[in-house]
Amino acid sequence: MMVARQTEAIRVRGLEKSYKALHVLRGVDFEVARGSIFALLGSNGAGKTTVVKILSTLLKADAGTASVDGWDVATRPADVRESISLTGQFAAVDEILSGRENLVLVARLRHVKQPGKIADDLLARFSLTDAGARKVSTYSGGMRRRLDIAMSLIGNPPVIFLDEPTTGLDPEARVEVWAAVRELAARGTTVLLTTQYLEEAEQLADRIAILHKGRIIVNGTLAELKRLLPPAEVEYVEKQPSLEDVFLAIVGAGKEESGR
Ligand SMILES: Nc1ncnc2c1ncn2[C@@H]1O[C@H](COP(=O)(O)OP(=O)(O)O)[C@@H](O)[C@H]1O
Ligand SMILES: [Mg+2]
């Protein structure tokens, strides 16, 4: 039953994708270690969702290879789909049902044993027990997103994609969702999240990769990224640089129109 598996949960090599004349991905390379949280950081339109769609088999790459949980996305898409769950930018929960009913419904659809017990366990894990019987239409944005993440866990997929999990949420809800993402990773699930929020990557990720102009321009731990800042600038600021400082130092370096 056990087969030799490569150690990475996700492996991407030379990924390219164009939409007609728009060359969005121009050779993307990265790896995600099992059980880690990896943040794909990039501005709006950088190609983050395109990467996630290719990795989740919703879209075909023009060139390059990618594997998820050891399965090649091009040649073994069904195996990839069995290994993942995808939570998009827009929550897929049913407003008319209660939180618990949503979970039970998905558990039934995925033929999981004891759907009621699974639902109650997930409500507890994501601090939704008290709200479990209420209709989702009464939930806050953060509660909905937590329910969405809880739903994605049914069936225990080893790899979860969270595409901009906190876009559009207020700061308080964002902190709640961050706790939910940490809870995922604490149980050994590999998480690839995309974000345009530097602070989010800084808060959650073991490794951060910046997608810019179709390529990964930086890939490292937060500490490694901070070391990329010119030392003089660190001295001048007289504090630890934020990821935003790093992002601007790297991305801003190529901007001639900024006049700085
Ligand atoms: N189906 C599509 N057809 C044409 N252009 C697209 C399509 N999907 C995305 N794009 C464009 O490709 C670029 C990258 O999009 P996307 O991957 O959604 O970026 P991100 O998720 O980082 O915001 C954007 O300029 C977007 O407008
Ligand atoms: Mg996107």
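Model, not experiment: these values are computed from the prediction. (Residues numbered from 1 in each chain as written. Chains lettered and ligands numbered in written order. Predicted model: local features only at pLDDT ≥ 70, side-chain atom pairs only at ≥ 80, totals over all residues. Heavy atoms only, no water.)

Draft legend 1. Representation of the overall build of the protein chain in the model. Within the protein chain, the regular secondary structure consists of ten helices and ten strands. The buried share of the protein chain, reckoned over its 260 residues, is 45%. Residue pairs in contact within the protein chain that sit at least 24 positions apart in sequence constitute 65% of those at least 6 positions apart. Counting every atom, the protein chain has about 13,500 Å² of accessible surface; 52% of that belongs to carbon and sulfur. (Helix = DSSP H or I, 4+ residues; strand = E, 2+ residues; numbered from the N terminus. Buried < 20%, exposed > 50% of the residue type's maximum accessible area, 1.4 Å probe, protein only. Contact = heavy atoms within 4.5 Å. Areas by Shrake-Rupley, 256 points an atom, 1.4 Å probe, with all protein chains shown as cover.)

Draft legend 2. Looking closely at the packing of aromatic side chains. According to the stated counting rule, one finds one aromatic pair in the structure shown. Ring plane angle 15° and centroid distance 4.9 Å describe the contact between F30 and F38, whose orientation is recorded as stacked. Neither residue differs from the other here; F30 and F38 are each classed as buried. When the ring centre of Y197 is taken as origin, the NZ or CZ atom of R174, which lies over that ring, is 4.0 Å away. (Phe/Tyr/Trp six-rings, centres within 6.5 Å; stacked < 30°, edge-to-face > 60°. Lys NZ or Arg CZ within 6 Å of the ring centre and 35° of its normal.)

Draft legend 3. Representation of the layout of surface pockets within the structure. The volume enclosed by the largest pocket comes to roughly 260 Å³. Of all the secondary-structure elements, those providing two or more residues to the lining of the largest pocket are β4 (63-68) and α2 (77-83). With four residues, the single largest contributor to the lining of the largest pocket is β4. Across the lining of the largest pocket, the residue classes break down as ten nonpolar, three polar and four charged. (1 Å grid on protein atoms, 1.4 Å probe; cavity = no way out; pocket = protein on both sides within 12 Å on 5 of 7 lines; lining within 4 Å. Points joined across faces, edges and corners; volume = space filled by probe spheres on them. Nonpolar A, V, L, I, M, F, W, Y, C, P; charged D, E, K, R; others polar.)

Draft legend 4. Looking closely at the nonpolar core. If you look at the biggest cluster of nonpolar residues, it comprises 46 residues, and the most contacted ones within it are L103, F126 and V181. Top contributing element to this core by residue count: helix α6 (residues 171-186), with seven residues. When residues no more than four places from it in sequence are discounted, the contact partners of V181 are I37, I149, L162, V191, L193 and L204. Core analysis: the second largest hydrophobic core is formed by 27 residues, A46, A66, V73 and V159 among them. (Core = buried A, V, L, I, M, F, W, Y, C linked by side-chain atoms within 4.5 Å.)

Draft legend 5. A look at the environment of D120. Inspection of the secondary structure assignment puts D120 in helix α4 (residues 115-125). When the C-alpha atoms of D120 and G99 are compared, they prove to be 10.0 Å apart, with 21 residues separating the residues in sequence.

Draft legend 6. Quick peek at the sheet that holds strand β8 (residues 190-195). Judged by pairing direction, the sheet is mixed, and its six strands sit side by side in the order β6-β7-β8-β3-β9-β10 without closing on themselves. Pairing within the sheet leaves two strands with one partner each, and these edge strands are β6 (84-87) and β10 (215-220). Going across the sheet, the axis of each strand differs from the next one's by a mean of 15°, ignoring polarity. Against the sheet, helix α1 (residues 48-55) contacts β3 (37-41), β6, β7 (159-163), β8 and β9 (207-212), and its axis sits at roughly 150° relative to β8. (Pairing = 2+ DSSP bridges. Axes fitted to C-alpha atoms, helices over the stretch in contact; angles between N-to-C directions.)

Draft legend 7. Structural context of the site of ligand 1. All residues adjacent to ligand 1 are Y19, L22, V24, S43, N44, G45, A46, G47, K48, T49 and T50. At a separation of 3.2 Å, an oxygen atom of ligand 1 approaches a polar backbone atom of A46. One of the side-chain N or O atoms of K48 is found 2.8 Å from an oxygen atom in ligand 1. Contact with the protein chains covers 59% of the free accessible surface of ligand 1, which is 560 Å². (Near = heavy atom within 4 Å. Polar contact = N/O pair within 3.5 Å; in protein donor to acceptor, adjacent residues only side chain to side chain.)

Draft legend 8. Representation of the packing of helix α3 (residues 99-109) against α4. Look at α3 against α4: their axes get within 8 Å of each other, and the N-to-C directions meet at 130°. Looking at the two axes, α3 sits oblique to α4. The crossing of α3 and α4 is right-handed. The residues of α4 that touch α3, namely those facing G99, R100, L103, V104, A107 and R108, are P115, G116, A119, D120, L122 and L123. Looking at the contact of α3 with α4 residue by residue, the classes come out as seven nonpolar, two polar and three charged. (Parallel < 35°, antiparallel > 145°, perpendicular 65-115°, else oblique. Left-handed = near helix turned anticlockwise from the far one by under 90°.)

Draft legend 9. Main features of the pattern of salt bridges. The tally for this structure, following the rule as stated, stands at 13 salt bridges. In this structure, K17 engages D62 in a salt bridge whose closest nitrogen and oxygen atoms are separated by 3.7 Å. With K17 in strand β1 (residues 8-19) and D62 in the loop between α1 and β4, this residue pair connects regions lying 45 residues apart in the sequence. Owing to a relative accessible area of 11%, K17 belongs among the buried residues under this scheme. For D62, a relative accessible area of 48% corresponds to the partly exposed category. For D121, the salt bridge is made with K117, and the minimal N-O distance between the two is 2.8 Å. Taken as a pair, D121 and K117 lie in helix α4 at a separation of four residues, close to a single helical turn. Salt bridges sharing partners connect three or more residues here, namely E8, R11, R13 and E31. (Salt bridge = Lys/Arg side-chain N within 4 Å of Asp/Glu carboxyl O.)

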